[in-house]
Amino acid sequence: MSSLLRPSVPDASIFSTSELLLRHRLKLVEDLWESVLRSEYGQEAVDLLKKLHSICSPEGQVTEIPASAIAQTIEQLELNEAILASRAFALYFQLINIVEQHYEQRDRQLERLASSQDSIDLSQHGSQLDNINTPPAALGVNLLEKSFFNENASLPKAGTFQWLFPYLKQLNVPPQLIQRLLDQLDIRLVFTAHPTEIVRHTIRKKQRRIARILRQLDRAEEAFRAIGLSTSWEAEEAKAQLTEEIRLWWRTDELRQFKPTVLDEVDYALHYFEEVLFEVIPQLSVRLKQALKSAFPRLTPPANNFCRFGSWVGGDRDGNPLVTPEVSWKTACYQRNLVIEKYLQSVRELIAVLSPSLHWSNVSQDLLDSLERDKMQLPEIYEHLAIRFRQEPYRLKLSYIQKRLENTRDRNKRLAIPEERKILFQRFHDNVYRCGDDFLAELRLIQRNLAETSLSCQELDNLICQVEVYGFNLAQLDFRQESSRHSEAIEEIAEYLQILPKPYSQLTEAEKIAWLVQELRTRRPLIPQDMPFSAKTCEAIETLRILRQLQQEFGLDICQTYIISMTNDASDVLEVMLLAKEAGLYDPATGQTTLRICPLFETVDDLRRAPTIMEKLFEIPLYRTALTGGHNGIEIPGFPVNLQEVMVGYSDSNKDSGFLSSNWEIHKAQKALQKVAQKYGVILRLFHGRGGSVGRGGGPAYAAILAQPSSTINGRIKITEQGEVLASKYSLPELALYNLETLATAVIQSSVLGSGFDDIEPWNAIMEELATCARKAYRALIYEQPDFIDFFLSVTPIPEISQLQISSRPARRKSGQKDLSTLRAIPWVFSWTQSRFLLPAWYGIGTALQEFLAREPEENLKLLRYFYLKWPFFKMVISKAEMTLAKVDLQIAHHYVKELSKPEDRERFERLFEQIAQEYHLSCDLILTITEHNRLLDGDPSLQRSVQLRNGTIVPLGFLQVSLLKRLRQYSDRASSNAIYFRYSKEELLRGALLTINGIAAGMRNTG
């Protein structure tokens, strides 16, 4: 189906070598895909797909074929034909995703080789920038005259360590400033499960197999071309393997047959560690050290664990009743088992590698002493291996280590069984490791002995790095719960004990704080042992108790953070602190705590109140004392003191006020929170709850971090990584490494350089005006237009999405309600993406820009263009909106409106559509005017090509989805009126509709 690969521009006949290779490989995969379909279903099936694809142009828009003719073509399809077409296009999208990712990874490797040479040249020949003889205090001001994004550097090279450190040297950044930042560098990436991860685990494995075959094909073709041949049997064999993989994939069910359990989701999320991240993380540390040494040889690199991981999977119980205390415990066991198995593989490899003999290499006395202790504790290993490894001390030591790891793993498996847990809890013996530090100490003993005899072992160094990053817990497990659950629990407890003059909910905020502080000071228990409370209250209490038990068994590093979603006031934090005290996580006698309570501010109103709420908390002596290590200020090992974590939510604030307003409110809140923290001498770590799509805070992480107020990062950041983002970032090693490197580079770059633009008050005033106007326009449509909810429920597949078996979590926070307030942001964004509106990620921007430009067109346009060039925040907002607008297809969206609206609703829905269309065209025109592009995404040709390639093939899937949704809803209408005869069953129709949802999600590379 060569039409899928037509150039989007008539004169696009010249491509780079990389582009030609990508197009060649896309053509190959397309031919193989077509041949599989022909062999499975015959030429008629291929002809059908070609016919369906003919309804769109090379630019990815619907052609001038009359809409009625297109609809008639689709409507005449039998259900099995519609399902065949939906599956075929979905498979095609998945295949081109793999090819694109594979060649992105290949390009990154080539760019790294090139940038390595460039960085050497820059170091040798000095700065190519203007000489900067500026004192450190004036550095930020001088940089105002330069683009923060370094426009003179080629974009692919920017964002890597090899680019960053020579660049900092060129700018004469004081080494002391860099060293101070590196010493406190702390990057946390938190994997979550609640987004719409649409692709089955089985399919992910097939994707990796195809990526491996593509690598084999690359190597084979490079080899035969190097010797002047046109083909080889290795290349033909790889193509044959590709064909069979595609055929097997075609015969595999894309849809899950059951709703995943929470532990299934744990497996889905953590498999990226098992397959990619475990091996990648040492390379990240090596890259940073090498780049730093080349530019600043006297500086000390950060600790290996400057980038660590967390997980909400198994800990996030907000709106998900299936995340129970028992599930959280089993999640911790699962994580430990996975990481220990990885360590065992590495230790077995080290036994094969570290073969120095006492005949030819000395060892220190401390290693010999440790072997004697091991002999006493593990005599069976000594008896089995003493003769074999008599002269090979490293192999013998590693054999003891292997046995202890196996014992630790076996004990951990027993801990997952409730009956066994009672026996084993907090009971250890000498033949197991209590924690990762014990294992690490033995590895460092070997490393030290090797170094003393002028030996080194890269495999050992890698393992030590992995243990420093992952420990025995793999990822820190965050807990999260909605604030009202704690308030309700406290109210029930107080009511049962009759200790308040009136119900807790009727107290003022000041009265609540006074009573909570009083209870936190007392050493007597508040909660009776038998807990005669409701199931919800008992669950809230047990959640904190299991968290305490996790810390006792797995160490503090397993779980330190408790996130309170929908935080509305200071009492919400103190309520959790009181429940934590009852669980033994806060000690009123010492004033110490091992729980970091993290308020999550989500809505615009909450974001605006956030600084006041935190100031109120910092004013409470008891709370400040707990932050600073208790009455004696003693730091608990593994629990940094004086650190306050605050989370800002992108999803709900976007749903509440629109894309532009949400981003600006979060930007302002961060600056205000940092000022409050500085006032009280508290270290602030901001936790960014970014989603996968732009409508939920997603987008390129490098630009997003540079767009944050620089004073708020200071080398520390915590970010969620969600849903389809995991697959696009972490499915291939080089891509995973590149994403981690660009993220770390952005944190260092933003912290060291800053920009100063965020503090220009006239600019802030203009942004405030734009955000206010955009919010007003957004809310006028979403919340004030009386027909909007009916429009949303009719013209998007939101009713069907709730039946897609993609998450253990309900689509709504509260069942039974059909308003927007209870609908989660994820299905909200997912629905608009499917119907090609993508409304949450751009609506309101056009109106805001137009009103601002209308007052002084020429002057204000110059100003906005200057913002785009110089201000990272403004550039990020415009770039994200531009990317989203490029994915919108109003012709398809209008087809959803016309076909899925009931006759009596059509007129009022058409008016709403026209309002949306006007805002879309206005937004596109003004963004193109500001960016001075001719077409959307002209500034990023690779992304432009990728979007247009997908847009074209998604068109028939959109028509197919509308047809199947229409049939499904007609069935439901007839069934409700007792006219149950229909040609197809509801299950068949639902399956067809869900397959189109799957396919469009793959094509858009975005779900929620």
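Residues numbered from 1 in each chain as written. Predicted model: local features only at pLDDT ≥ 70, side-chain atom pairs only at ≥ 80, totals over all residues. Heavy atoms only, no water.

### A closer look at the environment of glutamate 734
Keep this limit in mind: By definition, any uninterrupted DSSP run of H or I lasting at least four residues is a helix, any uninterrupted run of E lasting at least two residues is a strand, and each is numbered from the N terminus. Three labels apply to residues, based on accessible area from a 1.4 Å probe with only protein chains included: buried if under 20% of the type maximum, exposed if over 50%, partly exposed otherwise in between.
Following the sequence through the fold, glutamate 734 ends up in helix α28 (residues 733-753). Residue classification places glutamate 734 among the buried positions, given a relative accessible area of 9%. For glutamate 734 and glutamine 109, which are 625 residues apart along the polypeptide, the C-alpha to C-alpha distance reads 7.2 Å.

### A short note on the UniProt feature "active site" (unreviewed entry) in the protein chain
Worth spelling out the cut-off: UniProt positions are given in the numbering used here, feature names are shortened, and annotations may be inferred rather than shown by experiment.
Here the UniProt feature "active site" (unreviewed entry) sits at His194 and Lys655. Topologically, lysine 655 is positioned in helix α24 (residues 651-657).

### Describing the nonpolar core
Inclusion rule: Among buried residues, those of type Ala, Val, Leu, Ile, Met, Phe, Trp, Tyr and Cys that are joined through side-chain atoms within 4.5 Å constitute a nonpolar core. The contact definition used throughout considers only heavy atoms, calling two residues in contact when any of these lie within 4.5 Å.
Counting 144 residues, the largest nonpolar core has Leu770, Phe788, Phe791, Trp828, Phe837, Leu839 and Phe874 as its most contacted members. With 15 residues, helix α4 (residues 79-125) is the single largest residue contributor to this core. Ignoring anything within four residues of it in the chain, the contact list for phenylalanine 837 reads Phe791, Val795, Trp832, Trp842, Val888, Ala893, Val897, Phe913 and Ile916. Counting 98 residues, the second-largest nonpolar core is a separate cluster that includes Leu164, Leu171, Val347 and Phe389.

### Some thoughts on the sheet that holds strand β8 (residues 596-601)
Applied cut-off: A pair of strands is considered paired only if DSSP assigns at least 2 bridges between the two. Convention adopted: a line fitted to C-alpha atoms gives each axis, helices being fitted over their contacting stretch, and angles between N-to-C directions are expressed from 0 to 180 degrees.
Strand order in the open sheet made by the 9 strands is β3-β2-β1-β11-β10-β9-β8-β5-β4, with parallel pairing throughout. The open sheet has two edge strands with one neighbour each: β3 (476-477) and β4 (479-482). Note that strand β1 (residues 186-192) and strand β11 (residues 716-722) share 7 bridges and pair parallel. Among the inter-strand pairings, aspartate 186 is bridged to a residue of β11, identified as arginine 716. With respect to the sheet, helix α10 (residues 262-295) is in contact with β1 and β2 (307-311), its orientation differing from that of β2 by roughly 170 degrees.

### Observations concerning the pattern of salt bridges
Threshold: Think of a salt bridge as a Lys or Arg side-chain nitrogen and an Asp or Glu carboxyl oxygen that are within 4 Å of each other.
Here the structure, examined in full by the defined rule, presents 59 salt bridges. Where lysine 679 meets glutamate 615, a salt bridge forms, and the shortest distance between an N and an O atom there is 2.5 Å. Of this pair, lysine 679 sits in helix α25 (residues 659-679) while glutamate 615 is found in helix α22 (residues 604-618), placing the two residues 64 residues apart along the sequence. A relative accessible area of 56% means that lysine 679 is categorised as exposed. Taking the shortest distance from any N to any O, the salt bridge between aspartate 787 and arginine 908 comes out at 2.8 Å.

### Quick look at the pairing of β11
A regular strand places its side chains on the two faces of the sheet in alternate fashion. Taking burial as the measure, the 7 residues of β11 include 7 buried ones, the bulk of the element. Burial along β11 is two-sided: the face carrying Arg716, Lys718, Thr720 and Gln722 and the face carrying Ile717, Ile719 and Glu721 are both buried. In the sheet, strand β10 (residues 683-689) pairs with β11 via 2 bridges, with the strands oriented parallel. Its bridge partner being in β11, histidine 688 is matched across the sheet by isoleucine 719.

### A word on unusual backbone geometry
Look at serine 454: it is not a glycine, yet its phi comes out positive at around 60 degrees. Mapped onto the secondary structure, serine 454 falls in the loop between α16 (436-452) and α17 (458-470). Of note, asparagine 714 is a non-glycine position whose phi angle comes to about 50 degrees, a positive value. For asparagine 714, a relative accessible area of 27% puts it in the partly exposed group.

### Here we look at the environment of threonine 408
Counting through the fold element by element, threonine 408 comes out in helix α14 (residues 393-415). Sequence separation between threonine 408 and asparagine 431 is 23 residues; the distance between their C-alpha atoms is 8.0 Å. The residues contacting threonine 408, other than those within four sequence positions of it, are Ile340, Val432, Tyr433 and Phe472.

### Re the environment of phenylalanine 639
Turning to its location among the elements, phenylalanine 639 is positioned in the loop between α23 (621-627) and β9 (643-649). Here the alpha-carbon distance between phenylalanine 639 and glutamine 560, two residues 79 residues apart in the chain, equals 8.0 Å. Dropping the residues within four chain positions of it, phenylalanine 639 is found in contact with Leu556, Gln560, Thr593, Thr594, Leu595 and Arg596.

### Section: α10
Just so we agree on the cut-off: Multiplying 1.5 Å by the helix residue count minus one yields the expected span of that helix. Bend is the name given here to the angle between axes fitted to two runs of seven residues, the run ending at a residue and the run starting at it.
With 34 residues, α10 should reach 50 Å at 1.5 Å per residue; the first-to-last C-alpha distance of 47 Å fits that figure. Of all the bends in α10, the greatest, near 55 degrees, is centred on valine 276.

### Focus: the pairing of strand β5 (residues 561-565)
Of all 5 residues in β5, 5 are buried; the element is thus mostly enclosed. Neither face of β5 is open: one carries Thr561, Ile563 and Ser565, the other Tyr562 and Ile564, and all of them are buried. Both β4 and β5 contribute to a ladder of 4 bridges, which runs parallel. Residue phenylalanine 479 lies in a different strand from β5, and its bridge partner there is tyrosine 562. The pairing of β5 with β8 spans 4 bridges and is parallel. The partner of threonine 561 across the bridge, within β8, is arginine 596.

### A word on the packing of aromatic side chains
The description of two aromatic rings rests on the distance between their centres and on the angle between their planes. Defined as follows: Working definition: a ring pair exists when centres of Phe, Tyr or Trp rings (six-membered ring for Trp) sit within 6.5 Å. Plane angles under 30 degrees give stacked, over 60 give edge-to-face, the rest tilted. Working rule: Lys NZ or Arg CZ, within 6 Å of ring centre, within 35 degrees of ring normal, means a charge sits over the ring.
Counting across every chain of the model gives 47 aromatic pairs. Seen from their ring centres, tyrosine 433 and phenylalanine 439 are 5.5 Å apart, and the 50 degrees between their planes marks the pair as tilted. Residue tyrosine 433 is classed as buried on the basis of its relative accessible area of 4%. One aromatic cluster in this structure is built from Phe191, Phe273, Phe278, Phe309, Tyr343, Tyr433, Phe439, Tyr470, Phe472 and Tyr730. Here arginine 87 stacks its cationic end above the ring of tryptophan 250, 4.2 Å away from the centre of that ring. A cation over an aromatic ring shows up here: lysine 375 above the ring of tyrosine 382, its NZ or CZ 4.5 Å from the ring centre.

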